[in-house]
Amino acid sequence: MKGQITLGIESSCDETGIALYQLGRGLLAHALHTQVAMHSEYGGVVPELASRDHVRRAVPLIRQVMKQANVGLDQIDGIAYTQGPGLGGALLVGASIANSLGFALDIPTIGIHHLEGHLLSPLLSDPAPEFPFVALLVSGGHTQLMRVEGIGQYELLGETVDDAAGEAFDKSAKLLGLGYPGGPALAKLAQSGNPGKYKLPRPMLHSNSLDFSFSGLKTAVLTLVRQNDLSEQVRADIACATQEAIIDVLAHKARAALAQTGLTQLVVAGGVGANRLLRDRLTRDIEKRGGRVFYPELEFCTDNGAMIAYAGALRLAENQGSKDYRFDVRPRWNLQEIESRYPR
Ligand code: KG4
Ligand code: ZN
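Since this is a predicted model, take the numbers as computed values, not measurements.

**Section: the overall build of the protein chain**
And step 1. The helix and strand tally for the protein chain stands at ten helices and ten strands.
And step 2. A globule of 344 residues ought to have a C-alpha radius of gyration of about 20 Å, and the protein chain, at 20 Å, matches this closely.
And step 3. C-alpha extents for the protein chain along the principal axes are approximately 60 × 45 × 30 Å.
And step 4. In the protein chain, buried positions account for 54% of the 344 residues.
And step 5. Summarising the internal contacts of the protein chain: among those between residues at least 6 apart in sequence, 72% fall at separations of at least 24.
And step 6. Only carbon and sulfur atoms are counted for the fraction: they give 50% of the accessible area of the protein chain, which is about 14,900 Å².
And step 7. Treating the 33 positive side-chain charges of the protein chain as one cloud and the 36 negative ones as another, the clouds have centres 3 Å apart.

This is the structure in structure tokens:
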């Protein structure tokens, strides 16, 4: 018998992601529309514009993905959407489309935690990690180390006390006059920088805790920017130092988390996980110690519909969906609270 087909809808921030996932078969098709060009004019995401664009893009993208997978409406068994955390208005677009379509088709819908999507995204790859593992979640809004025992069993080991790693990339990039989103732009500029030219702080590096702090880094970058004549080379050198500092802290804490838990597998997820240097550094450090690092495919590192369809497919298979169709969104939602979201 063929496995159930889940439609996934991601609309928590500035990308509309749609995907179809079939249990036992895998990803059937996926598509993404990114709003980066639209928001870059403003130097960051404008929530109202984001919501309106999701409204425009979602249905055509759903049609496109269904056509690509050759799947008809009557073949969809359930719909998963990002319920939070994220921008309230943007989340409401995905939630309302999912629930109205679910109502029309008389199939269950399920709200998915965006970070659970990121966390499980490496399981879409082959080879996939096996439970239990340590996850390093590094996105624009979050920086967390988690012990993952199984689906829905997430123990927080450490997190940022101020800025997220992605935010540190974005804010430093802005100080260097780079556009939004800053992470990839800063990484690119850093390629022509001299490593070691500037030394930036690595807060909490040697503390025993697995918590992070990145706000001091931004201040240090600001000081460098003010003190120097910003030639292209100086900007590249500062970018290089910034990236080094962020990666150093992430790699150090990820290693410490494996040592503390006694686990050997590390899963890296979230937008910053697309960073080439971070990947190289983590793989080198951790494989040297007999561990293994797993990454999602590059296209599933940043926001996407595939991770939501996948997490939804697993949860729908456990009958955690509903045909109630009343919905709410959770712009602020702690991953540790999700146990209560899915009563067994
Ligand atoms: O997971 P994501 O797409 O969205 C959130 O849920 O936040 O992560 C976006 C973050 C942004 O801060 C962006 O600058 C960062 O990921 N990012 C990168 C790279 N690609 C994306 N940071 C460093 N290097 C990259 N290559
Ligand atoms: Zn994300």
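From this point, the discussion proceeds with the structure in view.
**With respect to the coordination of the zinc ion (ligand 2)**
And step 1. Within the protein, the zinc ion (ligand 2) binds to His-114 (NE2), His-118 (NE2) and Asp-303 (OD); these donor distances fall in the range 2.0 to 2.1 Å.
And step 2. Coordination at the zinc ion (ligand 2) is irregular, judged from the four donor atoms that bind it and the angles of 94 to 140° they form at the metal.
And step 3. Between the donor residues of the zinc ion (ligand 2), the gaps in sequence give the motif H-x3-H-x184-D. With His-114 in helix 4 (residues 114–120) and Asp-303 in the loop between strand 10 (292–294) and helix 10 (306–317), the pair connects residues that are 189 residues apart, well separated along the chain. The exposure classification of His-114 matches that of Asp-303, with both residues buried.

**A closer look at the pairing of strand 2 (residues 15–22)**
And step 1. Counting buried residues along strand 2, eight of its eight residues qualify, which places the element largely inside the surrounding structure.
And step 2. Neither face of strand 2 is open: one carries Glu-15, Gly-17, Ala-19 and Tyr-21, the other Thr-16, Ile-18, Leu-20 and Gln-22, and all of them are buried.
And step 3. In terms of strand pairing, strand 1 (residues 5–10) meets strand 2 through six bridges, oriented antiparallel. Across the sheet, residue Ile-9 finds its bridge partner in strand 2, namely Ile-18.
And step 4. Summarising the sheet, strand 2 and strand 3 (residues 26–34) pair through eight bridges and their orientation is antiparallel. The residue bridging Leu-20 from the neighbouring strand is Ala-29, located in strand 3.
And step 5. In sequence, strand 2 turns back onto strand 3 through a hairpin of three residues, with Gly-24 there showing a positive phi of about 85°.

**Thoughts on the sheet that holds strand 5 (residues 109–113)**
And step 1. Strand order in the open sheet formed by five strands is 3-2-1-4-5, and the pairing between neighbours is mixed. The open sheet has two edge strands, strand 3 and strand 5, and neither has a second partner. Neighbour-to-neighbour, the strand axes of this sheet turn through a mean angle of 20°, independent of strand direction.
And step 2. The pairing of strand 4 (residues 78–84) with strand 5 spans five bridges and is classified as parallel. The partner of Ile-79 across the bridge, within strand 5, is Thr-109.

**A word on the sheet that holds strand 7 (residues 143–150)**
And step 1. In spatial order, the strands read 8-7-6-9-10; together these five strands make up an open sheet with mixed pairing. Each edge of the open sheet is held by one strand with a lone partner, namely strand 8 (153–159) and strand 10. Shown here is a sheet whose adjacent strand axes are inclined to one another by a mean of 25°, direction ignored.
And step 2. With three bridges joining them, strand 9 (residues 265–269) and strand 10 adopt parallel strand pairing. Bridge pairing in strand 10 places Leu-266 opposite Val-293.

**As for the site of ligand 1**
And step 1. Neighbouring ligand 1 are 17 residues, the closest being Gly-140, Asp-170, Gly-183, Gly-271 and Asn-275.
And step 2. Asp-170 is positioned such that a nitrogen or oxygen atom in its side chain is 2.6 Å from an oxygen atom of ligand 1.
And step 3. Among the elements of the structure, helix 4, helix 5 (165–175) and helix 6 (182–190) are those that each provide at least two residues to the shell around ligand 1.
And step 4. When residues of the shell around ligand 1 are assigned to their parent elements, the largest contribution, three residues, is made by helix 5.
And step 5. Looking at the shell around ligand 1, its residues break down into four nonpolar, eleven polar and two charged.
And step 6. Shared between two domains, the shell around ligand 1 holds at least three residues of each, these being domain 1 (5–119 + 303–341) and domain 2 (128–295).

**Some remarks on the domain arrangement of the protein chain**
And step 1. Examined at the domain level, the protein chain breaks down into domain 1 (5–119 + 303–341) and domain 2 (128–295).
And step 2. With centres defined by C-alpha atoms, the gap from domain 1 to domain 2 works out at 27 Å.
And step 3. The partner domain 2 presents 19 residues to the 18 residues of domain 1 that form the contact.
And step 4. Across the domain 1 to domain 2 interface the summed buried area is about 1,400 Å²; carbon plus sulfur atoms make up 67%.
And step 5. Looking at the side of domain 1 facing domain 2, the largest losses of area belong to Leu-115, Leu-119 and Gln-336, adding up to 40% of the total buried there.

Procedures and definitions
Residues numbered from 1 in each chain as written. Chains lettered and ligands numbered in written order. Predicted model: local features only at pLDDT ≥ 70, side-chain atom pairs only at ≥ 80, totals over all residues. Heavy atoms only, no water. Helix = DSSP H or I, 4+ residues; strand = E, 2+ residues; numbered from the N terminus. Rg over C-alpha atoms; globule rule 2.2 N^0.38 Å. Buried < 20%, exposed > 50% of the residue type's maximum accessible area, 1.4 Å probe, protein only. Contact = heavy atoms within 4.5 Å. Areas by Shrake-Rupley, 256 points an atom, 1.4 Å probe, with all protein chains shown as cover. Lys, Arg positive; Asp, Glu negative; His and termini not counted. Charge placed at Lys NZ, Arg CZ, Asp CG, Glu CD. Donors = N, O, S within 2.8 Å, 3.2 Å for Na, K, Ca; no water. Tetrahedral: all angles 85-135°; square planar, octahedral: opposite > 155°, others 65-115°. Pairing = 2+ DSSP bridges. Axes fitted to C-alpha atoms, helices over the stretch in contact; angles between N-to-C directions. Near = heavy atom within 4 Å. Polar contact = N/O pair within 3.5 Å; in protein donor to acceptor, adjacent residues only side chain to side chain. Nonpolar A, V, L, I, M, F, W, Y, C, P; charged D, E, K, R; others polar. Domains from an automatic or database assignment. Buried area = accessible area lost by both parts, 1.4 Å probe.

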